[in-house]
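Structural overview for review
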Amino acid sequence: MKPEDDAFPQAQEIAQRVRSGEWRATEVVQDTLRHIHARNGEINAFTSVTEARALREAEAVDQKVARGEDPGPLAGVPFAVKNLFDLQGEITLAGSKINRKDAPAVADATAVRRLTAAGAVMAGALNMGEYAYDFTGENIHYGPSRNPHDRSRMTGGSSGGSGGAVASGMVPIALGSDTNGSIRVPSSLCGIFGLKPTYGRLSRAGAFPFCPSLDHIGPLARSVVDLALAYDAMQGADAADPVCADRAIEPVSGSLADGVVGLKIAIAAGYFMQQATPTAVQALARVAAALNVTDLVEIPGTAQARAAAYLITNAESSNLHLDRLRHHAADYDPDVRDRMLAGTLLPASWNIQAQRFRRWYRAEVLKVFARYDLLLAPATPMSAPAIGQRYMELDGEQMMVRPHLGLYTQPLSFIGLPVVVVPVASAGEMPIGVQIIAAPWQEARIFKVARELELHGFTSPIPAR
């Protein structure tokens, strides 16, 4: 079977067939490139396609297979990355107009290098919100990423191109970043699986920073197995990222089939149930029912945690961008520029107090995890809004779309918890996600639950090719 005869092959299948010699990596990549060129015009996920590199890397995989060498667990699997990851020879745009003047990157980001070492093949760079300060997937310089399930709707952001590329089947795996929810919001709105690992688990070296004390990176995929394969390949200490933990690699792929018996799971109530639309509430109820979860738990201080996360985000990002704001203010998206300018005016004492509160809130959440292994919560308050939509109705109030899509993701990034988003969809409806949340370093638990839900039919709905 040639890859073009099999619509939307997933990473696990591609790697198995390439490793066995049934498929050639170059054929897989050629089919992928045809699909990207056919679909990207309507989805606007890619800002650049690294065609020559992809074909070169695929040929290297095929040569390893021909020599009887191990081509890696992701042999021949095409992937793409949010355009804030360094790719050797490419300009790291970070969704901006300003960065176009930068020199091309001299080396790949650590995460990219580790995936290619595992046999994966780089297909290109993906659209994103400017400097990652975005929840919608709309970029005034490169245009909005469009949701493959309804191209009039948002992908979510800021990893909007990553969500659109995976959900449309252009690539089986993409990388994104998540500071306040930028992997989980697109995963929810595009109906795919997304992982925000524990803060410090995966190296961010070579990824353009937004808010260093909150920045995470992680994969997006259409299956839990694919998500796990990518996550396992990227693990490991890295001195180039000062917050990357010096921990042994803890792979999750081998334990996906262990099931969820014995895990104590609760629904995060209170804050996490306020302002949710019926669609979000029903999705959470379906997941809870599938897992036979009825316990409710409230975490004190969550609304304040979100406010503190905003303070830290504004303070750190504005400091990072001071020179650009002084010399290139007119070249920013006005919404991004205005928030960063406001951040420059924040008193230092506010940021210090926000960091103190962060420690308190983390301790409160860990008390909950002394009683429960996992928590369930909505990923977004609603399914994908229309592109250009400025307001949405939550609990009878008109709320701004751009900040409030991260209503339920931001408090979890604030304290670096590992989270997987699981897609929930019904026929004829837009998908929406549910968050599976664990204590720090317990990624294996959230993967087991995500896999259990996938076996219950909670899978990524794929639009027609």
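Here we take up the overall build of the protein chain. On a plain count of helices and strands, the protein chain comes out with 15 helices and 15 strands. On C-alpha atoms alone, the protein chain measures out to a radius of gyration of 21 Å, which is about the 23 Å that the 2.2 N^0.38 rule sets for 465 residues. Its C-alpha atoms give the protein chain principal-axis dimensions of roughly 60 × 55 × 45 Å. Classification of the 465 residues of the protein chain by burial places 62% in the buried group. Surface exposure of the protein chain reaches about 16800 Å², of which carbon and sulfur atoms provide 51%. Between the averaged position of the 44 positive side-chain charges in the protein chain and that of its 48 negative side-chain charges there is a distance of 3 Å.

Further remarks concern the pairing of strand 6 (residues 173–178). Counting buried positions along strand 6 yields 6 of 6 residues, so the element is predominantly enclosed. Residue alternation in strand 6 divides its side chains into two sets, Ile173, Leu175 and Ser177 and Ala174, Gly176 and Asp178, and both sets are buried. Looking at chain direction, strand 2 (residues 78–82) and strand 6 are connected through 3 bridges and run parallel. Along strand 6, the bridge assignment pairs alanine 80 with alanine 174. Bridge count for strand 6 against strand 8 (residues 216–221) is 6 bridges, and the pairing is antiparallel. Bridge pairing links aspartate 178 to histidine 216 in strand 8.

This part takes up the pattern of salt bridges. Throughout the structure, instances matching the rule amount to 27 salt bridges. A salt bridge links arginine 34 to aspartate 31; the nearest nitrogen and oxygen atoms lie 3.7 Å apart. With arginine 34 and aspartate 31 both in helix 2 (residues 25–43), this residue pair falls 3 residues apart, about one helical turn. Given the relative accessible area of 46%, arginine 34 is considered partly exposed. Arginine 151 is paired through a salt bridge with glutamate 42; the nearest N and O atoms lie 3.9 Å apart. Placement of arginine 151 in strand 5 (residues 150–154) and of glutamate 42 in helix 2 is noted, with a sequence separation of 109 residues between them. What you see here is one network of salt bridges that share partners, running through Asp134, Asp333, Asp335, Arg390 and Arg402.

A word on the sheet that holds strand 3 (residues 121–126). With mixed pairing, 11 strands are arranged side by side in an open sheet as 1-3-2-6-8-7-14-15-11-9-10. Each edge of the sheet is formed by a strand with only one pairing partner; in this case those strands are strand 1 (46–49) and strand 10 (296–297). Looking at chain direction, strand 9 (residues 265–268) and strand 11 (residues 374–378) are connected through 3 bridges and run parallel. Considered in strand 11, the bridge of isoleucine 267 is made with leucine 376. Contacts from helix 5 (residues 160–167) reach strand 1, strand 2, strand 3, strand 6 and strand 8 within the one sheet, and its direction differs from that of strand 6 by about 155 degrees.

Contact geometry for helix 2 and helix 3 (residues 51–66): axes closest at 8 Å, N-to-C directions at 160 degrees. With respect to their mutual orientation, helix 2 and helix 3 come out roughly antiparallel. In this structure, helix 2 meets helix 3 at a crossing whose hand is right-handed. Mapping the contact onto sequence places Ala25, Thr26, Val29, Gln30, Leu33 and His37 in helix 2 and Glu51, Ala54, Leu55, Ala58, Glu59, Val61 and Asp62 in helix 3.

Bringing the confidence of the model for the protein chain into the picture now. When pLDDT is averaged across the protein chain, the result is 96; 97% of the residues are at 70 or more. Note on residues 1–6: pLDDT is under 50 here. Beyond four places in sequence and across chains, it has 15 contacts.

All right, on to the packing of aromatic side chains then. Inspection of the entire model under this criterion finds 11 aromatic pairs. On the basis of an interplanar angle of 20 degrees and a centroid distance of 5.6 Å, the ring pair of tyrosine 231 and phenylalanine 447 is categorised as stacked. Residue tyrosine 231 is found in helix 7 (residues 224–234), and its partner phenylalanine 447 is found in helix 15 (residues 443–455); the two are separated by 216 residues along the sequence. Taking relative accessible area as the criterion, tyrosine 231 reaches 0% and is therefore assigned buried. With a centroid separation of 6.3 Å and 40 degrees between ring planes, the pair formed by phenylalanine 272 and tyrosine 408 is classed as tilted. Highlighted residues: phenylalanine 272 in the loop between strand 9 and helix 8 (278–290) and tyrosine 408 in the loop between helix 13 (401–404) and helix 14 (410–414), separated in sequence by 136 residues. Comparing phenylalanine 272 with tyrosine 408, the two get one shared label, buried.

Judged by nonpolar contacts, the single largest core of 116 residues is most densely connected at Leu74, Phe85, Leu115, Leu376, Phe414, Ile436 and Phe447. A per-element tally of this core places helix 7 first, with 9 residues. Ignoring sequence-local partners within four residues, the contact set of phenylalanine 414 consists of Leu214, Ala305, Ala308, Ala309, Ile312, Ala354, Phe357, Arg358 and Tyr361. Counting 17 residues, the second-largest nonpolar core is a separate cluster that includes Ala45, Leu126, Val166 and Leu220.

Packing of helix 9 (residues 302–320) against helix 12 (residues 348–369) leaves a shortest axis separation of 9 Å and a crossing angle of 135 degrees. Taken as axis vectors, helix 9 and helix 12 run oblique relative to one another. The hand of the helix 9/helix 12 crossing is left-handed. Contacts between helix 9 and helix 12 involve Thr302, Gln304, Ala305, Ala308, Leu311, Ile312, Ala315 and Glu316 from the former and Trp350, Asn351, Ala354, Gln355, Phe357, Arg358 and Tyr361 from the latter.

Before going further, it helps to examine helix 3. An α-helical turn contains 3.6 residues, so any two residues separated by three or four positions project in the same direction. Taking 1.5 Å of rise per residue, the 16 residues of helix 3 would be expected to cover 22 Å, and the 23 Å separating its terminal C-alpha atoms lies within 8% of that figure. Turning to helix 3, its buried residues are Arg53, Ala54, Glu57, Ala58, Val61 and Asp62. Buried-residue contacts for helix 3 involve helix 1 (11–20), helix 2, helix 4 (110–117) and strand 3. Two residues or fewer after helix 3 comes glycine 68, characterised by a positive phi angle close to 80 degrees.

Here is what the cut-offs are and how they apply
Residues numbered from 1 in each chain as written. Predicted model: local features only at pLDDT ≥ 70, side-chain atom pairs only at ≥ 80, totals over all residues. Heavy atoms only, no water. Helix = DSSP H or I, 4+ residues; strand = E, 2+ residues; numbered from the N terminus. Rg over C-alpha atoms; globule rule 2.2 N^0.38 Å. Buried < 20%, exposed > 50% of the residue type's maximum accessible area, 1.4 Å probe, protein only. Areas by Shrake-Rupley, 256 points an atom, 1.4 Å probe, with all protein chains shown as cover. Lys, Arg positive; Asp, Glu negative; His and termini not counted. Charge placed at Lys NZ, Arg CZ, Asp CG, Glu CD. Pairing = 2+ DSSP bridges. Salt bridge = Lys/Arg side-chain N within 4 Å of Asp/Glu carboxyl O. Contact = heavy atoms within 4.5 Å. Axes fitted to C-alpha atoms, helices over the stretch in contact; angles between N-to-C directions. Parallel < 35°, antiparallel > 145°, perpendicular 65-115°, else oblique. Left-handed = near helix turned anticlockwise from the far one by under 90°. pLDDT = per-residue confidence, 0-100. Phe/Tyr/Trp six-rings, centres within 6.5 Å; stacked < 30°, edge-to-face > 60°. Core = buried A, V, L, I, M, F, W, Y, C linked by side-chain atoms within 4.5 Å. Expected span 1.5 Å × (residues − 1).

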